[in-house]
Structure formats: structure tokens, C-alpha cells
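Observations on the model geometry
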Amino acid sequence: MRFRLLGPLEVRSGDGTPVEPGGAKPRALLTLLLSEAGRVVSMDRAVVTLWGDAPPPGATGTIQAYVSQLRKLLGKDLIVTRSPGYLADVRDDDLDLVRLPALLDEAARTTDALAEAKLLTEAVGLWRGEPLADLPGETAERARLTELHLVARQRRATAWTRLGRSGEAVAELERLVAEHPLREGFWAALIEALYAAGRQGDALAAYRRAVRTLADELGVDPGPELKALERAVLAQELGAPRVREADRPLVGRAHELARLREVLAEVTRGSGAVIVLEGEAGIGKTRLAEAAASLAGAQGWRPVWSRCADDAGVPPLWPWSQVLERLGGGPLHAGAGADPDQSAFALFHELRRRLSGAAAATPLLVVLDDVQAADTTSLTLLTMLARHLDGVRLLLIVTVRTLGEELAPAVTDCLAALAREPRAQRLQLTGLTAADVRELIAPRSPGADVDELARVVHERTDGNPFFAGELVELMAAEGRADVLPPSVRDVLDRRLDRLSAATVELLRLAAVVGRDADLALLEAAAGLGAADVITTLEPAVAARVLRADETAWQWRFSHALVRETLLAGLSRIDAARLHARVAAALQDGGAPVDRLAHHYFHAVPVTGTAPALHYAREAAAAAREQHAHAEAAGHTRRALSLAGGDPAARHGLLVALGDDLLRAGSLTEAQDVVAEALAVARRLGDRERLAAAASVWGGITLWNWRGYGVVDEPMVALLEDLLHGACDRDRARLYGTLGVELAYSDRRADRVAYAEKAVDLAREIGDPVLLGRTLNNYLIATWGSADRVARWLPATSEALAIDGLPVRTRFFALLHRGPLLLHLGDADGFAADLAAATRLGARLTGPDVRPHLLYQETGRCMLTGDWELAEELSEQAYRQYRQTSMWGAQFCRALHDFTFRRRDGRLGSVLGSLVDVAEELGMPLMHALAVVAAAESGDVTEARRLRRRWPDVVPLDWTTDSLLAVRAWSALALGGDLAAAYESLLPYRGRQIVVGTAGACWGSYDLVLDRLTTRMSQGRS
């Protein structure tokens, strides 16, 4: 594992996969332990850090639960219990806050200026923002790390000066003195860099600026070093016209253009397709999409363009709304009163119908630009549409920034899903070759040594077309080569410097609006007339900072980096003022609430919290109506940050956020949020609010929300207490939730009785939604019962017969019943239920839907003997399910490792990992699997050692049926009580060994019984 704390906490596995450590409190605890890596952090310090001087009751137990959760996520050896608390055991190379001072020390020791600059660049690159950002309050360690970062930046600039890279040094030092104008050392380094660049006058001007700043702010004169530098400088003793992008030929993309021509021809013949253009910013994705649109237009196609907004202030479905608007229609609607779980399917059907209609007469090309910024619901529709392109003359071209970008899980899942579709292709755009760069820049560099220039530019930009073009144009404007900056931001800063102050001011306003801005909004927000806006922006268009839409009065920043550079130049209060102006203009124009929420949130220092809170609530509600729960959670988080101290308001928001997070698959964060909601309700003394928060954990599910073996005793006590005086509806929810919470408890009779009472109450009330929920609770509570078959078959049949049962509830009822039918030997019934669930799954959008189907498909393939496909499906399920924070991915990976390697006789290759998982999860089933793996791989001594090491227990839960079979295998391999094993399996004669919800299928119990019979008869003979 690698840990980054020089910014918000970031954890990555050895292969670079991001790992989410949980909600705010687990993140703060992990940050605290890592900030003291190798040293013990006392329990008292951890409690004070997380809760201050007023910790809640049971804070120590909560810390222990967080540690257990972190060990499950990150490995059991990371956090070591060491009196009087815990210690983080991390290698220095895996921790950026240790790596930073180490790089500074290494740079100080080297005598090679180039090596020093590289080491310092690596050190600066570790920085991602405020260090230890997840720790509350100010800390001395944060101040120390901030100072080290500044030292690294200054020393790197000084190294650049020594290497003759004065232009880069000056740009960095100018930023440093702007950020820290009272540090004389930064001013001294800037003066030296300017002098080294041959800019003696600028060096003296910098000295005068320093003198004025020190006098104005502190009332002091500069120190001896600065005065000496001034004397040394005085004594001299110190060491093309722009072309529009669309008019330029597309260079270096012959292969991609040829493939696009082929796809256009295929789609014309009636087969729809998807092309994904991916790569880093500036690599030419949009330019290639424009070329494809031109090709299609020349062949009589209808091209339609849509751009995903990357300013987070737009409503769900914005990309598709633009497409449909440009096709002459209105936005998508799921339909009034639609089942929330069916809405995505309804939206998809409407979208496909309207696109098919548009493509009926003329082939249709739809470009979705910058899909990395798309909302979750839009991505879901894209994935569904890619599966249903038969008979539609539609080509979807999707551009997505995949390099240098931390993609949201929804984007990653969408790309993975598209990769599996036969009608979809992903084209990865890479940098141009040196020859291509030469062709690109030759028209812009008359009179230059183009070969040498192309070599330098290619080396500096790695062939990125945007970077290359920008660098060459700056060189032409400046007439010098030594101003080549180290990054595009430097290029853009210089470009902006050549524009008037009025133009830059309006550009900053446009940057706050977003990537695109229209005339009406800029008029209203800037308080200017239309002619003034157009005239003021004309120089920016000429300078290619903006691109003007030739069909409407709209502008778009030529590149996202242009906008980012403008925003970076704003102070927080200046940005807030601009957001306030934009919000007011949008409000007058009746803009979607999502955009208003975004701008009012960033305008809080100017407008106050009231409008931001109002629109955050409205935007969350609007997102839920579109069933975009991830987006709703984001708006609700903002609302919470603005709600102040009103406990009643906070409670409602917390319960809503907990529900959104569960639906979005963020279980760990949901736990923290619900815990806070419970604490607020307790402070209010409000039992109804307590019940509303506690009942969240009785929501519809296939597997228990809790980790294996976990019983939250305080929650159980609370639920039991809340039953007194509750109304029937609340009692039904509370009883059902109790059944689920006690699923791993030894209070078997109670959990079954509670679940039965919940179902009885729901039947009396007559609410199909409540009855479906309580029947789902009943299945979880009665798993492992000796009479499970007699309980589950009527319960699942009752659920599936309910009129008005929500789609999600029906989906999980099928996934519960199907594996039970398989267990009883009804393979056809299992296949039928799985097929029906798969059809329903197409209407659902939850992050656990597809993995659960894939896991059961894996079991089905084991049953039919298609082992290669089973392994492929298992891997897909694991990759998708681990993106959630719900329990089960690690277990399923270990279960499948055992199953696949046992089949091919290579259990020894996974024995170590099976033992590790068994230790970490503490599951008797995993213990037994590790014992069998050791025995059948030939290490009988290790198998016996492991069998003695772990408790010999058979819990009554969802593992019971399969655990008994594994214990029989163990007895056969190691010698044991064969008669007892035989007796335990007799009730299962004629049935199949099915693990859980068919994650693995191991054949018939009869085969195991026959082996036991044979072995026992051999022992008697």
C-alpha cells in the first residue's frame, strides 16, 4: 500500500488501484496514525483528535471498530496494537510525508545540479494541497510539512537558475513572492534568477517591489542580503500569426481517421457503434471528434455535439439534454410516479426511441465530449445504449480524459462496460512522433530551424499537440527560445498577460461560469451590454483563449487548462464575488437548481449561507427525482456544511444522506453519517428521529450490511428500546431491522421471532413496499436455520407475488430464491430466476446490482463446466464490487481462488493468501478452506497446525450448508470423525453444495457422502 498525506488522504494498492478508507472519522484516524508512523499513538490522543474534548459514549469501542475496518481494507499488519494505543507500520518509501524530507536531504547531498533539480521536482510533485487535510484543527506537523514544501520550491527554482533555465525559475519565484510577499529569501532568489536571465532592469524592479512590500506591511527596511544583492546587480557582479485550430490539418492521426471511416461505413449499413477516444488533456481527442463530425457531415449525416460540464454546477442528464435539445426535443423524463428503480430503464427507453427516430431518415453522429465530467445517470444511459444499437444508424463518439485524471468510479465502470461491448471500440490517443510534431509546427515557424525546433518541442511536450502548438506560438510571439516554460500554465499566464485588464476580468467571470458561457449570462453577470461583452472578448478569441460558437453567441475556453489558469489567479474572496454575480444572473434567468446550488455554495462569503443551503436542498431533491443518488449525496453534504447548529435540520439531512450513500454503495461513509444522525436524535430526545435513523440498516439487500460475524450490540439495544411506544409501521421496520442486526448473533430465537413479527405487522398494514422489505429482512434473519427451505420457499414466493413490489425488492427476492432452488437440485429453476433477475437488473442502477448477477453467473458456469468463463466473470465481479465499501469482495476472491485452483490441482499457489484472508476475516468457512487447501496441496503438517489453531465451530448462518461439506473434505484428507461428518451431511442427501447466493457451486452432497461411506467401510475391513 502507498499512502499520500500531502493533501487529502489517498491510499493506493500495489497495482495503483485507489482504496477508499471510509468516512471522515476513519480517514482522520488513519491520517493520525500515519503522521506518527513508527510511533505509538495513545488511545486517549486518538479519541481527542477525532472528537475533541467531548467524545461520545463508547468512543474507545468506536476507535477499535475503525481499526478493525481499516485492517480489513488495508491489511492486518498495517496497524499494530501497541500499549497504550496503536502504531502504523509503514515503509518509508510508501509514505509521502517521509519521502518529502528524504528527497530534500538527497538533493542537498548531490553535487550534480541536474540531479538536484530532478530530485526537487519529485519532491514538489508529491504536494497535492494542505497536508494532513483529514485531521481536524491546526497541527505543528502540518506547519512543518508546509515549510518543507516551500523550501523545495525555492531550492528547485535556484537549481533551475544554475542550469540556465532562468525562465522557469522566474515563473516559479514570481508565484512564491506573490504567495509569501514577506519572505526576503524568495525575493533574493527571484532577483538572482532575473539577473541570470539577462533582465537586469527587471531584477532591480523586483528589488524595489520588495522594499515597498516590506515597508508597507511591516514598516522595516530590507535585510543585508537583499541590500547586497541590489549593489551586486547595479555593479553587474552577479554570477507568428495565429491560425484557427479547425483550419489546420489533422496531423499524425491517419490510423484513427481510417478506422473512423470504416465505422461510418458500417453504421450506414445499419449497425450502430460506439467509439471512445481517450488520452490526456490536449492530446487531440476533441480535434479528432471534430474531424469525424466533418467526415460524417460530408457524407450526409447529421452530427450533434454535446459537452459534459466540468464545473459541477449542472443537473443530471445534462449531456443527453443537450443532444435532445439540438435534435429539436425536450429533456428526458422518467414519468410521473415511476418506481425509482425503474426510472433508469424508462429513461433509457425514451432516449433510445428518440435517437432511433432521429436516425431513421439520416444516419446520426452524437459526440459526447469530456465524459470524465459526466454525471452517474448519464453514464448509466450511455452504457445501456451501447448494448442496444442493433438496427439503429447511430454512431456515438465519446471523448474522455483518462491520463493525468483521477476518474470517478462511475466513469471507470462505464469505460469497463463499454470495453465488453462488441459494438464499442476504445482508441487510446498518444503523443505525436517527432516527425508529426515537425509537420504540426512548420507552418507556424517560418524562418526557424524547424528540425531542431521540432526536436526540442517534442522532447518537452512528449508530442502532446496542444502543448506543442502553445509552446511554438509563445516562442514566435516572444522571439526567444529561452522563455520556453516547464508547463502549459506558464504559457497561458503569458498569453493572458498580453490581454487587457478588462478582457482578463471578463474571462475570469466566464471561467467561474464554466467551460462554456453564453452572451445572455455574461451580460447579466457582468452588468454590460451585449456589444461591450462581444468587443471585450474579441481579443481573447483572437488569442485562442476562447473559441466563439459561429452559430450562436456563445464562447468556450480553448482548453480546460486555460480556465484552470484563470481560476488559479483568483483569491477566495474574489472568486466568491464572481460566483455571487453568476448565481444572481442565473436565478433571474430561471436556471436549473444544480447550477444555482453550485454557484451559491462558492459565493457564501459574499451572499451568506441561506441561499446556498436552500439550493443545495433543492438540487439534492432534484437529483433524487432522477435517481442520481451519488449526485444527491454531494448536494446533501454541501447542505450539511451550511446547516449550522440547528439539530433538527441536521438530522433530516443526515438521514437523507445516509440513504443516498447506501444506494450509491458507500456503506462505510453511510455508517458514520447514520451514527451522527443517531447522536443528534439522542440530543434532541426524539424517539421518532432515532427510529428513522436506526431503521436505515433494515433496507433491502442481498447480503447483510454488516461484516461477517459483526453484531452491533448498542444498535440492537437501541432498536429494542425504540419498539416501546412506536406506531405499527415503525415497529414493523424496527422488528425487521432487528432481525437483520441479530443475523450473526447467538440469539437465534429472538432474531427469527423479530423478523416474523415484522412480516405479520406489514401484512396487517397492507403496504406492499413495507411487506417486501420485511420479507427481505426475514430471509436475512433465518439464513442458517435447519428449516431454511421450509421458511424461504414460501417467503420468496409471497414476495414475488406481491402487486406493486418495487423492482429492486423483486430483483433480490429472485437472487435469494434461485440459489435455494439450485441447492434443492432444481438447476432449471435457478437458471430461470437468474435470467429473470438479469432482465430486472437492466432497470436498476445500484453499484451492487451487476456484481451480484456476475457472482451468480460465475456459480452457474461452475455448474455447467465452463470454467474459463467462470474465472473471467469472477474477476469482473470482484473489480466492480470492490468499488463499493460493502462487505464481501475479499471473501469472494478467496472463495474463487480456492475453487478454481482446487479444480486445476494448484491449491499450493494460493495457500498463503487463503490463510491470510482466513486470519483477517475470522470466518469458520475460510478457516476450513485454508485447512483443506494445505492438506490437498500436500502440506499435511501445516493443515493439522491450522486445524488446531482455529476454533472448531459451526455457526448457524449463511455459511452453514457449505461449511459442513468442507469439514467433511477435511476429515477425509486429514483423518477425523468420519461418522460425525457423515451424520452432519445426511439431511442434505440429494442436494447441491451451494455457497451463499451461488457464488460457488461444488457439486452434489451425495458425492461427499459416497466418499465418506467408502472410507468408513475401508476402515472396518
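Residues numbered from 1 in each chain as written. Predicted model: local features only at pLDDT ≥ 70, side-chain atom pairs only at ≥ 80, totals over all residues. Heavy atoms only, no water.

1. Re the overall build of the protein
A tally of helices and strands in the protein yields 48 helices and 16 strands. For 1021 residues, the compact-globule formula gives about 31 Å, and the C-alpha radius of gyration of the protein, at 32 Å, lands near that figure. In terms of overall dimensions, the protein has a C-alpha envelope of 105 × 75 × 60 Å along the principal axes. The 1021 residues of the protein split such that 53% are buried. Approximately 42,000 Å² of the protein is accessible, and the part contributed by carbon and sulfur atoms is 51%. Separation between the mean location of the 118 positive side-chain charges and that of the 135 negative ones in the protein comes to 2 Å. (Helix = DSSP H or I, 4+ residues; strand = E, 2+ residues; numbered from the N terminus. Rg over C-alpha atoms; globule rule 2.2 N^0.38 Å. Buried < 20%, exposed > 50% of the residue type's maximum accessible area, 1.4 Å probe, protein only. Areas by Shrake-Rupley, 256 points an atom, 1.4 Å probe, with all protein chains shown as cover. Lys, Arg positive; Asp, Glu negative; His and termini not counted. Charge placed at Lys NZ, Arg CZ, Asp CG, Glu CD.)

2. Looking at the UniProt feature "DNA-binding region" (unreviewed entry) in the protein
UniProt marks residues 1-90 with the feature "DNA-binding region" (unreviewed entry), using the numbering shown here. Structurally, residues 1-90 comprises 41% helix and 21% strand, and the distance from its first C-alpha atom to its last is 9 Å. (UniProt positions renumbered as here; feature names shortened; annotations may be inferred.)

3. Things to note about the confidence of the model for the protein
The share of residues in the protein with pLDDT of 70 or more is 93%, and the mean pLDDT across the chain is 87. Within the protein, the lowest mean pLDDT, 67, falls on helix H20 (residues 488-497), and the highest, 97, falls on strand S15 (residues 992-995). Taken as a whole, residues 240-247 scores under 50 in pLDDT and shows 17 contacts with residues more than four places along the chain or in a different chain. Throughout residues 480-487 the model reports pLDDT below 50, and contacts reaching past four residues in sequence, or to other chains, amount to 19 contacts. (pLDDT = per-residue confidence, 0-100. Contact = heavy atoms within 4.5 Å.)

4. With respect to the side chain of His-852
Along the chain, His-852 falls in helix H40 (residues 849-864). Not counting chain neighbours up to four residues away, the residues in contact with His-852 comprise Leu-702, Trp-703, Phe-812, Leu-815 and Tyr-881.

5. As for the pattern of salt bridges
Scanning the model with the defined rule gives 62 salt bridges in all. We note a salt bridge from Arg-748 to Asp-787, for which the minimum N-O separation is 3.8 Å. Linking Arg-748 in helix H35 (residues 748-765) with Asp-787 in the loop between helix H36 (768-782) and helix H37 (788-800), this pair joins segments that are 39 residues apart in sequence. In this structure Arg-748 comes out as partly exposed when scored by relative accessible area, which is 27%. Linking Asp-787 and Arg-791 is a salt bridge whose minimum nitrogen-to-oxygen distance equals 3.2 Å. (Salt bridge = Lys/Arg side-chain N within 4 Å of Asp/Glu carboxyl O.)

6. As for the packing of aromatic side chains
The full count for this structure, using the stated rule, is 19 aromatic pairs. One Lys or Arg, Arg-788, reaches over the ring of Trp-792 and ends 4.8 Å from the middle of that ring. Cation over ring: Arg-902 sits above Trp-969, and NZ or CZ is 3.9 Å from the ring centre. (Phe/Tyr/Trp six-rings, centres within 6.5 Å; stacked < 30°, edge-to-face > 60°. Lys NZ or Arg CZ within 6 Å of the ring centre and 35° of its normal.)

7. Remarks on the nonpolar core
Among the nonpolar cores identified, the biggest contains 192 residues, and Leu-507, Phe-891, Met-926 and Trp-1002 are the most heavily contacted of them. Of all the elements, helix H44 (residues 924-936) adds the most residues to this core, at 10 residues. What Leu-507 contacts, discounting residues up to four positions off in sequence, is Leu-496, Leu-499, Leu-537, Ala-540, Val-545, Leu-546, Phe-557 and Leu-566. Leu-5, Leu-50, Ala-59 and Leu-126 belong to the second largest nonpolar core, which has 44 residues in total. (Core = buried A, V, L, I, M, F, W, Y, C linked by side-chain atoms within 4.5 Å.)

8. Concerning the packing of helix H26 (residues 593-602) against helix H28 (residues 609-625)
Relative orientation of the contacting elements H26 and H28 amounts to 145°, with a least axis distance of 8 Å. Judged by the twist between their axes, the crossing of H26 over H28 is left-handed. Contacts between H26 and H28 involve Val-593, Asp-594, Leu-596, Ala-597, Tyr-600 and Phe-601 on the former and, on the latter, Pro-611, Ala-612, Tyr-615, Ala-616, Glu-618, Ala-619 and Ala-622. Within the contact of H26 with H28, the residues separate by chemical class into 11 nonpolar, no polar and 2 charged. (Axes fitted to C-alpha atoms, helices over the stretch in contact; angles between N-to-C directions. Left-handed = near helix turned anticlockwise from the far one by under 90°. Nonpolar A, V, L, I, M, F, W, Y, C, P; charged D, E, K, R; others polar.)

9. Thoughts on the packing of helix H38 (residues 807-823) against helix H39 (residues 827-841)
Orientation of H38 relative to H39, taken along the N-to-C sense of each, is 160°, at an axis distance of 8 Å. Taken together, H38 and H39 sit at an angle that is classed as roughly antiparallel. Considering how the two elements wind past one another, H38 and H39 form a crossing that is left-handed. Along its contact with H38, which presents Val-807, Arg-810, Phe-811, Leu-814, Leu-815, Arg-817, Gly-818, Pro-819, Leu-821 and Leu-822, the element H39 presents Ala-827, Gly-829, Phe-830, Asp-833, Leu-834, Ala-836, Ala-837, Leu-840 and Gly-841. (Parallel < 35°, antiparallel > 145°, perpendicular 65-115°, else oblique.)

10. Topic: helix H41 (residues 867-881)
For H41, built from 15 residues, the straight-helix expectation of 21 Å at 1.5 Å per residue is met to within 8% by its first-to-last C-alpha distance of 21 Å. Taken as a whole, H41 has its buried residues at Trp-867, Ala-870, Leu-873, Ser-874, Gln-876, Ala-877, Tyr-878, Gln-880 and Tyr-881. (Expected span 1.5 Å × (residues − 1).)

11. Notes on the pairing of strand S16 (residues 1000-1004)
Counting buried positions over the 5 residues of S16 gives 4, a clear majority of the element. Two elements, S15 and S16, share 3 bridges in a ladder whose sense is antiparallel. Bridged to Val-995 within S16 is Ala-1000. Linkage of S15 to S16, two consecutive antiparallel strands, is achieved through a turn of 4 residues, within which Gly-996 is found at a positive phi near 55°. (Pairing = 2+ DSSP bridges.)

12. Remarks on the sheet that holds strand S9 (residues 364-369)
As summarised here, the arrangement of the 5 strands in space is S8-S9-S10-S7-S11, forming an open sheet in which the pairing is parallel. One side of each edge strand has no neighbouring strand; the edge strands of this open sheet are strand S8 (302-307) and strand S11 (424-428). If you compare each strand with its neighbour and ignore which way they point, the axes differ by 15° on average. Relative to S11, strand S7 (residues 273-279) runs parallel, the two being bridged by 5 bridges. Among the inter-strand pairings, Val-276 is bridged to a residue of S11, identified as Arg-426. In the packing of helix H11 (residues 254-268) onto the sheet, contacts are made with S7, strand S10 (394-401) and S11, and the angle to S10 comes to roughly 150°. Its contacts with the sheet place helix H15 (residues 376-386) against S7, S9 and S10, and it is angled at close to 140° to S10.

13. Regarding the environment of Ala-46
By secondary structure assignment, the location of Ala-46 is in helix H2 (residues 43-51). A relative accessible area of 4% means that Ala-46 is categorised as buried. Taking the C-alpha atoms as reference points, Ala-46 and Tyr-86, separated by 40 residues in sequence, lie 9.2 Å from one another. In this structure Ala-46 touches Leu-29, Leu-32, Val-41 and Ile-63, once residues within four positions along its chain are discounted.

14. A few points about the side chain of Ser-785
Tracing the chain through its elements places Ser-785 in the loop between H36 and H37. With a relative accessible area of 6%, Ser-785 lands in the buried category. For Ser-785, the side chain forms a polar contact with the main-chain oxygen of Thr-782, separated by 2.7 Å. (Polar contact = N/O pair within 3.5 Å; in protein donor to acceptor, adjacent residues only side chain to side chain.)

15. Brief notes about unusual backbone geometry
With phi around 55°, Leu-132 is a residue other than glycine that occupies positive phi space. Within the element layout of this structure, Leu-132 appears in the loop between helix H5 (113-125) and helix H6 (140-162). Judged by relative accessible area, Leu-132 falls into the buried class, the value being 1%. Positive phi, close to 70°, is recorded for Ala-998, a residue that is not glycine.

16. Description of helix H3 (residues 59-74)
Between its first and last C-alpha, H3 extends 22 Å over 16 residues, near the 22 Å set by a 1.5 Å rise per residue. Those residues of H3 lying buried are Ala-59, Ile-63, Tyr-66, Val-67, Gln-69, Leu-70 and Leu-74. Down the axis of H3, the buried set is contained in an arc of 165°. They therefore lie on one face. Gly-75 sits one or two residues past H3 and shows a positive phi near 110°. (Arc of directions from axis to C-beta.)

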